[in-house]
Amino acid sequence: MSKTCKKVYTCFCTDIIHDGHLNIIKEAQKYGEVIVGALGDKASIRYNKFPTIPIEDRVKLYRTIPGVSQVVVQEDMHYDDIITLVQPDYVIHGDNWKTGPESTIREHLLELLRVHGGELIEVPYTYNEKVKKMDAVMREKLAMPEYRRKRLRQLIHMCPVVKAIEAHSGLTGLIAEKTVVENNGKLDQFDAMWVSSLCDSTAKGKPDIELVDMTSRFRTIDDIMEVTTKPIIFDGDTGGLAEHFVYTVRSLERMGVSAVIIEDKTGLKKNSLFGTEVQQTQDTIENFSAKIAAGKAAQLTDDFMIIARIESLILERGMQDALERAAAFVKAGADGIMIHSRKKDPEEILSFCDAFRKKDAKTPLVVVPTSFNTVTEEELAAHGVNIVIYANQLTRSAFPAMQQTAVDILKNHRAKEVDDRLMAIKDIITLIDEI
Ligand code: SPV
Ligand code: MG
């Protein structure tokens, strides 16, 4: 790299190059030699830009852009390491990051440039019809079954802990897809969606007893898939008869669902959070293992996961039983284990995870911290948990708000009193993007 020429750095987080990127390079060239950073996989997923091509291919792609002299990999979403490595005179970026959660990255960069020297150049963000179309093409690619299905397995390898939130409609799917926050100076968001039997049934005004049939459950998945790209974990309840479960596996795989979780109960299923207050029957290890094995035999791709959910702690059958079942279900072919508890104290879950991990370092572990909600994702990850599912919080937050509004309108014979706490009409009519 020439010592006399000024260095201009820009970071890309994209699998395709469009006019917006070319414009940034064109502007950058006016200031000196252009170095492009390829944002690494882990940081890219925090931007909701899940990579569809490997980092090596992104580096190669950026090298082909006319005017780019060098491509480096930027692992972190912050620029600290890159400033030390590249020592740019200028950093160039689209001006679209001045507001919203990304502004925290910008603030941090400005601070770095104050300390190390260097200037930030911001160019107007290009958003023409062609760019809009290419963005849509990228989103559609991510939504395709072959990309979406494998994404959960990829995330398990990429993230210390995969965070899934419940979705039961297009709208809740959009919340899971689009909610991004700034957290300790970094961007954060959910990685996946959980199509909960409790919330799917509740949204339809039905009890969570496997009453809502598979056709209807698949319709919910379809509504969510139409407007999202993130991977889906399906709550398959007991999985039904093994002879039926094999068809469910095929259908879910074909749709692009990443995983099904089935619980080791039989007969009339009731929600686990009832625990022993209602009659619930746990399946035998033999029967449930046979169901898992049948599902695995029916599966056609390597991407799909069948996760076995163990109800021993819920049904107060003890830790030993839970551990014995976990080992048996893994042996039968389960791609993961979900352990459930309705104790407020996370101790029971953490002991299971520790004991399981002593014997099995690899099989992904899933937990649903509804009752034991004081435990953090970091603590769970430290005990070997791979997927954390927030199974019902969206439904439980929406329902009381809607109910209170209904009560207040009835009491006041008008809607004025509730208006302050409602979303503005302008916001609701523009909430959903049109094509
Ligand atoms: C669901 O969300 O439907 C579940 C999790 O199965 S739980 O309600 O905790 O059983
Ligand atoms: Mg359920």
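Residues numbered from 1 in each chain as written. Chains lettered and ligands numbered in written order. Predicted model: local features only at pLDDT ≥ 70, side-chain atom pairs only at ≥ 80, totals over all residues. Heavy atoms only, no water.

> Any details on the domain arrangement of the protein? Residues and values, ideally.
Frequently, the measure chosen for interface size is the accessible area that the parts lose on association. Split by domain assignment, the protein resolves into domain 1 (3–134), domain 2 (146–391) and domain 3 (397–429). Once you take the C-alpha centre of each, domain 1 and domain 3 turn out to be 44 Å apart. (Domains from an automatic or database assignment.)

> How would you explain the pattern of salt bridges if you had to name every residue and give the values?
One pass over the structure, following the stated rule, counts 33 salt bridges. The residue K178 makes a salt bridge to D433 at a minimum N-O spacing of 2.9 Å. Here the residue K178 occupies a position in helix α8 (residues 170–178), and D433 occupies one in the segment after α17 (425–429), the gap between them amounting to 255 residues. When its relative accessible area of 46% is taken as the criterion, K178 is described as partly exposed. For D433, a relative accessible area of 56% puts it in the exposed group. (Salt bridge = Lys/Arg side-chain N within 4 Å of Asp/Glu carboxyl O. Helix = DSSP H or I, 4+ residues; strand = E, 2+ residues; numbered from the N terminus. Buried < 20%, exposed > 50% of the residue type's maximum accessible area, 1.4 Å probe, protein only.)

> I'd love a proper account of the site of ligand 1, names of residues and values included.
In the vicinity of ligand 1, the contacting residues are W194, S196, S197, L198, D235, N271, S272, L273, R309, H340 and A391. Contacts to ligand 1 include S196, whose side-chain N or O atom sits 2.8 Å from an oxygen atom. One of the side-chain N or O atoms of D235 is found 2.8 Å from an oxygen atom in ligand 1. The fraction of the free accessible surface of ligand 1 (280 Å²) that becomes covered by protein chains is 99%. Split by residue class, the shell around ligand 1 holds four nonpolar, five polar and two charged. (Near = heavy atom within 4 Å. Polar contact = N/O pair within 3.5 Å; in protein donor to acceptor, adjacent residues only side chain to side chain. Areas by Shrake-Rupley, 256 points an atom, 1.4 Å probe, with all protein chains shown as cover. Nonpolar A, V, L, I, M, F, W, Y, C, P; charged D, E, K, R; others polar.)

> I'd love a proper account of the sheet that holds strand β1 (residues 7–12), names of residues and values included.
Pairing within the open sheet is parallel, and its five strands lie in the order β3-β2-β1-β4-β5. The open sheet has two edge strands with one neighbour each: β3 (68–74) and β5 (119–123). Looking at each pair of strands side by side, their axes are set apart by 30° on average, direction ignored. Along the sheet face, helix α3 (residues 55–63) touches β1, β2 (33–39) and β3 and points at about 160° away from the line of β2. Taken strand by strand, helix α5 (residues 103–116) contacts β4 (90–94) and β5, and its axis lies near 145° from that of β5. (Pairing = 2+ DSSP bridges. Axes fitted to C-alpha atoms, helices over the stretch in contact; angles between N-to-C directions. Contact = heavy atoms within 4.5 Å.)

> Tell me about the environment of I82, residues and numbers included.
Mapped onto the elements, I82 comes out in helix α4 (residues 80–86). Residues in contact with I82, not counting those within four places in the same chain, are Y9, V72, V73, Q74, Q87 and P88.

> Help me get a handle on the coordination of the magnesium ion (ligand 2), residues and values and all.
The protein atoms donating to the magnesium ion (ligand 2) are S197 (OG) and D235 (OD), with metal-donor distances spanning 2.1 to 2.2 Å. A residue pair is termed long-range when its members are at least 10 positions apart, and S197 in helix α9 (residues 197–203) and D235 in strand β10 (residues 232–235) qualify at 38 residues. The same class applies to S197 and to D235, which are both buried. (Donors = N, O, S within 2.8 Å, 3.2 Å for Na, K, Ca; no water.)

> So what about the pairing of strand β14 (residues 305–310)? Which residues, and what values?
Extensive coverage of β14 is indicated by the burial of six of its six residues. Burial along β14 is two-sided: the face carrying M305, I307 and R309 and the face carrying I306, A308 and I310 are both buried. Direction of pairing for strand β11 (residues 259–263) relative to β14: parallel, over a ladder of five bridges. Across the sheet, the residue bridging to E263 is R309, located in β14. Here β14 runs beside strand β15 (residues 336–339); their pairing, made up of four bridges, is parallel. Following the sheet pairing, R309 is matched in β15 by M338. On the question of chirality, the crossover connecting β14 to the parallel β15 by way of helix α13 (residues 319–331) is right-handed. (Right-handed = clockwise from strand over helix to strand, strands pointing away.)

> Report on the side chain of E311, specifying residues and quantitative values.
Within the secondary structure layout, E311 lies in the loop between β14 and α13. Of note is the side chain of E311, whose polar atom sits 2.5 Å from the side chain of S272. A polar side-chain atom of E311 sits 2.8 Å from a polar atom in the side chain of R309. When residues no more than four places from it in sequence are discounted, the contact partners of E311 are E263, D264, K265, S272, Q282 and H340.

> Tell me what's going on with the packing of aromatic side chains, and back it up with residues and numbers.
Applying the stated criterion to the full structure yields nine aromatic pairs. With a centroid separation of 6.0 Å and 20° between ring planes, the pair formed by Y125 and Y127 is classed as stacked. For Y125, a relative accessible area of 39% puts it in the partly exposed group. Note on Y127: relative accessible area 47%, which makes it partly exposed. Seen in terms of ring centroids, F190 and Y390 are 6.2 Å apart; in terms of plane orientation they differ by 70°. Their pairing is edge-to-face. Here F190 is found in the loop between β8 (186–189) and β9 (192–195), whereas its partner Y390 is found in strand β17 (residues 387–390), with 200 residues between them in sequence. Judged by its relative accessible area of 21%, F190 is partly exposed. These aromatic residues form a ring-pair network of at least three members: Y9, Y79 and W97. (Phe/Tyr/Trp six-rings, centres within 6.5 Å; stacked < 30°, edge-to-face > 60°.)

> Outline the sheet that holds β15, supporting the account with residue identities and numerical values.
If you walk around this closed barrel you meet the eight strands as β6-β9-β10-β11-β14-β15-β16-β17, and the pairing is parallel. Within this sheet the neighbouring strands show an average axis-to-axis angle of 25°, counted without direction. For β15 and strand β16 (residues 365–367), the ladder comprises three bridges, and the chain directions are parallel. Looking at β16, one finds that I337 is bridged to L365. Here helix α10 (residues 214–227) sits on the sheet and contacts β9 and β10; the angle it forms with β10, its principal contact strand, is near 160°.

> Any chance you could break down unusual backbone geometry for me, citing the residues and the numbers?
In the Ramachandran plot, Q87 falls in the positive-phi region, its phi being about 50° despite a non-glycine side chain. Its location among the elements puts Q87 in the loop between α4 and β4. Not every positive phi belongs to a glycine, and N184 is a case in point at roughly 50°. With respect to the helices and strands, N184 occurs in the loop between β7 (180–183) and β8. On the basis of relative accessible area, N184 is assigned to the exposed category, the value being 76%.

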